[in-house]
Amino acid sequence: MKHPCMRANRRSITDCAIALGLLLVLAFVSESTITGSMAAEPKAAADGVRSNRSDARGDAVVAEINSRIRSSWGDNEVEPSPVADDAEWIRRVYLDIVGHIPPLEDVEQFLSDKDKLKRKKLVDRLLDDPGYTRNWTTIWTNLCIGQETPRRVSREGMQKFFREAFGKNRPWNDIVFDLVTAEGHFEENGAANYLLAQMQDRDEGVQLTAKTTRLFMGMQVQCTQCHDHPYNDWKQDQFWQFNSFFRQIDKKEHRKTDSSGQMIDDFSEIVEKDFSGPVYFEKRSGLMKVAYPNYFGTEVNSDNTTDRRKELAKLMTAGDRPMIALAYINRLWAHFFGFGFTNPIDDISKHVPVTHPELFDFLAEEFVKSGYDTKQAIRWIVSSEAYQLTSRGTKKNTRDDPAIGETALFTHVSLKPMNAEQLYDSLIIATSAHKSGRGGWEQAEKQRREWLRQFVQTFGTDDGGESSSFDGTIPQALTMMNGPLVRDAVSLKPGSHLHDVLTGKGSDVQKIQRLFLTTLSRMPSKSEMSAIQKFLNGNPNTLSVYQDLFWALLNSNEFIFNH
């Protein structure tokens, strides 16, 4: 792979120097923009979001969030950062809800809108946008089956299940119930793919036990298959009691060919198998013991007339504050703030400190009362005072840095590196290289997956895990600097965004502003504009400078991070 300064023969050393010079300018300015001291505090633009008069209960929940967060600021003698300006906020809320940066037209309209309720209205619009369904389908498909599709698992089937679930805003407890109890064809019942993805090694449900408790209940108990947990109350026999709920499950792989040998049917399915009685496991002492299905002290009939997974799903989703509600609220909060009430988010136990425990419990209980309404929970979180704050820290909240192990106080929103899908989709939005969503969901998703394959391999985790992010590895940096998508983005081919900007009306200043709004959702600062104009005035090849500016913007930290 070529260095960016070698990416095209026509580009001279002078051109490359301009590109890198622009990147340095943006790096310097972006650093102060993202993490430096704050300029004048914008007016309380959050008022529009907080004043949701039509939803009294929603207002009460948001008020309770604000009260408890503010109380923790006082207790810890820290002060919140200023409210984020509209440019910072719209970019963040777009990335968090629909998974990509806002289109240029939406940014321009939002920044010029004087409506005090515009933030609230935008949240409602984004939650009804097809991008919301697509984003959360991607998130939960990756969580359930990983970014690399396991053998004999249908990613399309898994996506279809979550697309329908989030598209219809199905209650979360119903979604979990369906995933845990799924049966049948992996495309006719997409929920079955969650189970199939964990049954890769035929380990008698061990992976299903570990994944289900961790993903849906926020409990890391995988180590207790061999011994009692060293730091909490979970015992080895509890792991095998949970494991016994998955002993009636099996999978079948169907491959049928016609007389010519051509494959005519090829699918996997989840089926039930006859199983009764206990599970046997070995203690570290070598003593063999038995375990029967038991959910935190609630025993379940172990004969073969009982559907153990349905009994497990009923128990998991019962009560006023079940673990699935805590685990889901924790993931939602971490998604929007960068850190959850526990760190890590999938380990809610006595040995992991919980920040704001009363608020955590309150939100989980309200989530259950709402009917496990995901959109409502998102409205509460993004309407909170803390979510309206800038990501820039101040001298009065420097100690609020959970990245170095400090308890999260949410005095400012944490920087979040984009994951592979967010970065890819944001590049598409910024460059118009692909019109997302056209030609139907399946067609658009197929093309997206083809383009993403190389991208995910570069940005994915080594073990094909559930998520990945841009953390600055050499392959990631080279992909951003010289990958085919970015290379095409800065071309001047008719139809590209850069071509449209440069051939459109407007002065150099206006064109520079449009490129900033396209990529960073904000206007250039005076220092940025001055530096870029110097490059333009000092180089006879104006088009080359614009190409390098666009490249530098796409490769800036401010573009790659959600802030």
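You'll find the structure just up there.
Here goes a summary of the coordinates provided. The numbers attached to residues start from 1 for each chain and follow its sequence in the written order. Local features in a predicted model are, by the rule used here, given only for residues with pLDDT of at least 70; side-chain atom pairs are given and counted only at 80 or more, and totals for whole chains, interfaces and linings are based on all residues. Each side-chain value is worked out from all heavy atoms of the structure, with water and hydrogens disregarded.

Considerations on the overall build of the protein chain
For step 1, the next point in the chain: Only DSSP runs of H or I with at least four residues qualify as helices, and only runs of E with at least two residues qualify as strands; both kinds are numbered from the N terminus onward. Counting secondary structure elements, the protein chain contains 25 helices and nine strands.
For step 2, the next point in the chain: Buried positions account for 55% of the 563 residues belonging to the protein chain.
For step 3, the next point in the chain: All accessibility values rest on the Shrake-Rupley procedure with a 1.4 Å probe; residue burial counts only the protein chains present in the view. Accessible area for the protein chain stands at about 24700 Å²; split by element, carbon and sulfur atoms hold 49% of it. Buried means the residue's accessible area, taken with a 1.4 Å probe over protein chains only, is under 20% of the maximum for its type, while exposed means over 50%, and partly exposed covers the values in between.

Some details on helix α16 (residues 374–383)
For step 1, the next point in the chain: The buried fraction of α16 amounts to nine of the 10 residues, a majority that puts the element mostly inside the structure.
For step 2, the next point in the chain: Residues T374, K375, Q376, A377, I378, W380, I381, V382 and S383 constitute the buried set of α16.
For step 3, the next point in the chain: We call two N or O atoms a polar contact when they sit within 3.5 Å, provided that within protein one can donate a hydrogen and the other can accept it, with sequence-adjacent residues counted only if both atoms are side-chain atoms. The backbone nitrogen of K375 lies 3.1 Å from a side-chain oxygen of the residue at the head of α16, namely D373.

Here's the deal with unusual backbone geometry
For step 1, the next point in the chain: Here the residue pair N343 and P344 is connected by a cis peptide bond, since its omega of 10° sits within 30 degrees of zero.
For step 2, the next point in the chain: Along the chain, P344 turns up in the loop between α14 (323–337) and α15 (357–369).
For step 3, the next point in the chain: The backbone of R152 shows a phi angle near 55°, a positive value even though the residue is not glycine.
For step 4, the next point in the chain: Within the secondary structure, R152 is located in the loop between α7 (130–145) and α8 (155–167).
For step 5, the next point in the chain: A positive phi angle, near 55°, is found at H356, a position not held by glycine.
For step 6, the next point in the chain: Within the secondary structure, H356 is located in the loop between α14 and α15.

Some details on the sheet that holds strand β1 (residues 184–185)
For step 1, the next point in the chain: Ordered by their spatial adjacency, three strands build an open sheet running β1-β3-β2, and the pairing between neighbours is antiparallel. The sheet is open, and its two edges are formed by β1 and β2 (249–257), each paired on a single side. At least two DSSP bridges between two strands are needed for those strands to be called paired.

Here's the deal with the side chain of H412
For step 1, the next point in the chain: Looking at where H412 falls in the secondary structure, it is placed in the loop between α16 and β8 (416–417).
For step 2, the next point in the chain: Discounting residues that sit within four places of it in the chain, H412 has contacts with S81, L389, T390, S391, R392, G393, N397 and D400. In what follows, residue pairs with any heavy atoms lying within 4.5 Å of each other are defined as contacts.

Quick look at the nonpolar core
Soluble globular proteins tend to bury their nonpolar side chains together.
For step 1, the next point in the chain: Side-chain atoms within 4.5 Å link the members of a nonpolar core, which is a set of buried Ala, Val, Leu, Ile, Met, Phe, Trp, Tyr and Cys residues. Counting residues in hydrophobic clusters, the biggest one holds 103 residues, and the most contacted among them are I97, W140, W172, F216, W333 and L363.
For step 2, the next point in the chain: A per-element tally of this core places α14 first, with nine residues.
For step 3, the next point in the chain: Residues within four places of W172 in sequence aside, it is in contact with W140, F166, F216, I324, Y328, F367 and Y372.
For step 4, the next point in the chain: In terms of nonpolar packing, the next biggest core, distinct from the first, is built from 33 residues, L452, L502, L549 and F559 among them.

Considerations on the side chain of R92
For step 1, the next point in the chain: Looking at the element boundaries, R92 is found in helix α4 (residues 86–98).
For step 2, the next point in the chain: A relative accessible area of 0% places R92 in the buried class.

Overview of the environment of D86
For step 1, the next point in the chain: One can find D86 in helix α4.
For step 2, the next point in the chain: For the pair D86 and R522, spaced 436 residues apart in sequence, the C-alpha to C-alpha distance is 8.9 Å.
For step 3, the next point in the chain: For D86, the side chain forms a polar contact with the side chain of K118, separated by 2.6 Å.

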